[in-house]
Structure formats: C-alpha cells, structure tokens
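The residues making up each chain are set out below.
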Amino acid sequence: MSASVAVAGVGTSHFGRQPERDLVALAWDAVREAFDDAGVEAVDAVWVGTVFAPAGVAQRVLRAMGITGVPIITVENACASGTTAFVEAHEAVRTGRYGRVLALGLEQMSTAFSGAITPETTDPEGRAGLAMPAMYAMSAARYLHSGAATAEQLAAVSVKNHAHAVHNPRAQYSGRYTVVEVLASRMIADPLTLLQCCPTSDGAAAAVLTAATGGAGEVVVRSAALRSGAPWNHRSPHVWGHDVVADTARDALTAAGLDAATDVDVVEVHDAFTIGEIVTTEALGLVPPGDGGKAAAGGVTALGGAHPVNPSGGLLSRGHPLGATGLAQLAEISWQLRGRCGARQVDGARLGLVETMGGGVSVLDGNSCVVTVLEAR
Amino acid sequence: MSSPTGGDPRPEIHRTAQGDWVVVGRRCRACAEPVAYAWPRCPACAAAVEAAHFGPRGTVWSSTVVRIAVPGHTPPYSLAYVDLDDGPRVLAHVAGDEPAPIGRPAWLVGTSDAGDLQVEVDR
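Below is a summary of the structure that appears in this document. This one's a predicted model, so the numbers in the text were calculated from it and none came from an experiment.

Turning our attention to the overall build of chain A. Scanning chain A for helices and strands turns up 12 helices and 11 strands. Taking 2.2 N^0.38 as the reference for a compact globule, 377 residues should give roughly 21 Å; the C-alpha atoms of chain A span a radius of gyration of 19 Å, in line with that estimate. Dimensions of chain A, computed from C-alpha atoms along their principal axes, come out at roughly 55 × 40 × 40 Å. Put simply, chain A has 377 residues, and 63% of those count as buried. Taking the intrachain contacts of chain A between residues at least 6 apart in sequence as the baseline, contacts between residues at least 24 apart amount to 77%. Of the roughly 12400 Å² of accessible surface on chain A, 51% is carried by carbon and sulfur atoms.

What follows is the structure in structure tokens.
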C-alpha cells in the first residue's frame, strides 16, 4: 500500500556561527517547532542527516528531548544529508513502514573548521588540495571562458540572495550589496570572491511526515528523488554536478506528473557558491541552457520574477550547516506553500521544489543529489 | 581528516624510457573509460579494466587559484583540471599564482614537493 505523504510540520533553529550552543540546543529548536507545527508529541522513527557530527550524535541529541526506544537511523550524503533523511522518511511513510516519522538535519561547523571545510585526505583530489570553493571555481572559470556567464552575472546571484535574506530573520547574513561590492570582496578561489561563497554555519532543521489527511491547505509530497553521481569527465559537455541534477530533476518531475520545473511556483536550490545556483537553474530546466546567469542578473529568479529561486536567502545568506541545509530548504518551501513568509512570500505559491547537491568525492558527478516537489492542497 | 592516513590516494605516475611522465591508470575493456587510478573495476560500467598509461600531453579544461589556507598546501596555489589526450581528466598543480589559461596545451612534469601531480602549461 502506498499513501500520499504530508509534511505535517517543519521547524528550524537560527542559522549562524553559534559555537556556544550545543547540538542538543540547536536540534531542540528545530524539533520543538516542527512538533508544535504538526501538533504531535512523538514519532515512530527518526532519520537524521549530518556530515561531521561525531558517532552516536543522533541518539545523544534525541534522548535529551525524550525521543528514545524508537528506530533512529543516521545518514550521510555530504551536503544532501538532510534531504536524504527526508527522502528516506518519506518512503517509510509512503510504504506504510511507519506512521509518523521525524527527519532531522544538524551540523555544527564553527567548532570544526575555521574557514572552508578541510578537504578529505583519503580522496585523491582532496589530498591534492581541491577545497570545495576550488571545485566550484573550476565550474565558474569554465562558464566565464565559454561565455555562458559573466563575472557580473555570477555576482548577481549573491546580490539577489543576500537581498532575499533581509526578510528572513533566521538567516546568517543579509544585506543590500552591489555587484561591484561582491566582485571587490576578497578572492577565495578565482573567480569566486568571498561574497560568492557560503559561510561557516551551525544549525538544525526538522520535518514531521505523516500520511496525508486530505485537509485543505495541507502540504503534501508530490515526489522525492535521490541519485548519486556517475563518473564526471571529458565525456560530459557540462560542468561538474549539472548532469546529476538534471537526471534527478527528471526523476522528480516525472514522478510528480509535471512537464517541467517551470510549472513550479517557488524553488530552493543548492547555492553553496554563486555558480552553483546558475548551473542548477539550468540543469533543472527552470531557465534555458546558458541563461542561468542572465536570469539572475535580470531578476527572473528574484522575488517578484517569473521563477523565484532561494527566497530564504539560500545557502549563501541563510547559511550552510551541511546536514541541516536540505531540511532548512524544505522548511522554507513548506512555509512558502502555507503563505507564512511575510515580506519574502511568493504570492500564491502552490507548488514548490527543493534541490540539494552534495560533493567531495572525486571522479563522481556529485556524492548525491535530491530533488523533491511539494504541493499545498 | 587533518593528517593523511593509509595509502596515498593520488594518481601514480611513472617516467618512461623517453623521459615522459605518464599516469599509471586503468582503461575499461568494455566501454574504454580511462581512469587515473588502479581501481579493480570501471567506475562507469563495472566491467573489467586493464593497465594503461596516460599522458604526458593534455589540455586545460578549467583552472583556479586557491587563495585560502588549506591544510597541507600553502596559498596561493594554482590548480588545473587537465584532460589528458585519450585519457582521464586529472587535477594537477601549476607553478605560479596565475590561473592556467583554459584550452591551452599542458603536459605532466612529475610531482610537486607536496607529492601532487604537476603540469606545465603553454601560455
């Protein structure tokens, strides 16, 4: 038996550098809000997404809030860990394995890294010093070289998402920057400057999934797709990550019965770096190939534009606590579909899409990608 | 994460009798996928692989200069993805602190002091 699955409640902590708050405190903010939102006091199972938290973190955090004696499963899929937890929780409810499931993402980066994530030395390219900003910089440099985007268009993504975050009280950073200011910020990995890179963030986010009741305004999951990357090399005409996002999006859109991503009203995508949003909007089919930069600079993907992307401020501004990010994206879309986003609300949003992309394993086109489509009934 | 453990995961290189540096990798017997590593199966199709040498020549696919502190490397350092002729795409270090010009010829010149694959680029 398969059931229609509802996102009964969502919650998040504040996002930012919060080294003085432990993971219990951050997770409790998210779980308490999600439970209150869903009107529940307990769940039948929990999937937890995290990347760098220590072994046993899920049970250690959950026991503090009385969630014990139920199945708890921890998953790691790099930056897509939170949405991977969501995909698995969704499948557990859809197939009837559990009735009510919590998906929780958490990460405390500020106590682990002073700047960029230390590349993994058991990975060949990590050992050679390919930090994540450098990985994305390779894509950005290629876009600039081929004329698929300009430096100003890259910067426009940062300008847009920082402006969106002005209306998100839980965002780590926000502000009215100009393209010139973004380009003049410190160079991190050519051509990506500081304001084009996500910050070091701590935070947690959660969602409660249940069988849908059919009530008016209920947010249901139209589809949830996950893929890990195939080899990426000279055989692909695209930059890193494009193909796995395109393939996963096709899975999700087909399962949702949609013709194209352009049918969706509001989107949260993985903009860990500005080029990431440009590549992703193209790979999703939200904009034509090669138009990602133009769309950002021209307001197409801004609030009020034809295809608003990252109304929360995205990873660039809301912050990027790895394991929490996917569920923070889901919380934003859920709030958008319920009309709760105040000055960053996309008017009349009924269909929303989340895309999360995790990387760090060389040769592959991404460790994992998740695309999910939500709908307000 | 901080200190390297286990075997070195980076590509193995070898100097030929002619004095050229080549990557000692594998090629898939079924789909001809070139791989820069001595892995037991093809990562693209899972078929059997055979030993193959790649390089020394290739083309810069993209490049960057890392200007932040990364453990094990001193900024700034210049990196390039190089598509070796009829071979894999490899990550290599380039001398200097300027981005390597995309689309230009490059060739393997051994390893850097840190043990990373090193290329020279025809600017």
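Working note: regular strand, side chains alternate between the two faces of the sheet. Residue and element names in this part refer to chain A. When you tally the buried positions in strand β10 (residues 351-358), you get 8 out of 8 residues, the bulk of the element. Side chains of β10 alternate between two faces, with Leu 351, Leu 353, Glu 355 and Met 357 and Gly 352, Val 354, Thr 356 and Gly 358 buried alike. When strand β9 (residues 266-268) meets β10, the two strands line up parallel, connected through 3 bridges. Along β10, the bridge assignment pairs Val 266 with Gly 352. Both β10 and strand β11 (residues 368-376) contribute to a ladder of 8 bridges, which runs antiparallel. Counterpart to Val 354 in the pairing with β11 is Thr 372.

Residue and element names in this part refer to chain A. For the pair helix α3 (residues 81-94) and helix α12 (residues 322-337), interaxial distance at closest approach is 5 Å and the crossing angle is 60°. Our classification of the angle between α3 and α12 gives oblique. Two secondary-structure elements touch here, α3 through Ser 81, Gly 82, Thr 83 and Phe 86 and α12 through Gly 323, Gly 326, Leu 327 and Leu 330. Here the contact of α3 with α12 is built from residues that sort into 3 nonpolar, 5 polar and no charged.

Further remarks concern the packing of helix α6 (residues 151-165) of chain A against helix α9 (residues 274-284) of chain A. Residues and elements named next belong to chain A. Running from N to C, α6 and α9 cross one another at 100°; their axes reach a closest spacing of 8 Å. Classified by the interaxial angle, the pair formed by α6 and α9 is roughly perpendicular. Every residue of α9 that contacts α6 at Gln 153, Leu 154, Val 157, Ser 158, Lys 160 and Asn 161 is listed here: Thr 274, Ile 275, Glu 277 and Ile 278. Partitioning the contact of α6 with α9 into residue classes produces 4 nonpolar, 4 polar and 2 charged.

Cut-offs and rules
Residues numbered from 1 in each chain as written. Chains lettered and ligands numbered in written order. Predicted model: local features only at pLDDT ≥ 70, side-chain atom pairs only at ≥ 80, totals over all residues. Heavy atoms only, no water. Helix = DSSP H or I, 4+ residues; strand = E, 2+ residues; numbered from the N terminus. Rg over C-alpha atoms; globule rule 2.2 N^0.38 Å. Buried < 20%, exposed > 50% of the residue type's maximum accessible area, 1.4 Å probe, protein only. Contact = heavy atoms within 4.5 Å. Areas by Shrake-Rupley, 256 points an atom, 1.4 Å probe, with all protein chains shown as cover. Pairing = 2+ DSSP bridges. Axes fitted to C-alpha atoms, helices over the stretch in contact; angles between N-to-C directions. Parallel < 35°, antiparallel > 145°, perpendicular 65-115°, else oblique. Nonpolar A, V, L, I, M, F, W, Y, C, P; charged D, E, K, R; others polar.

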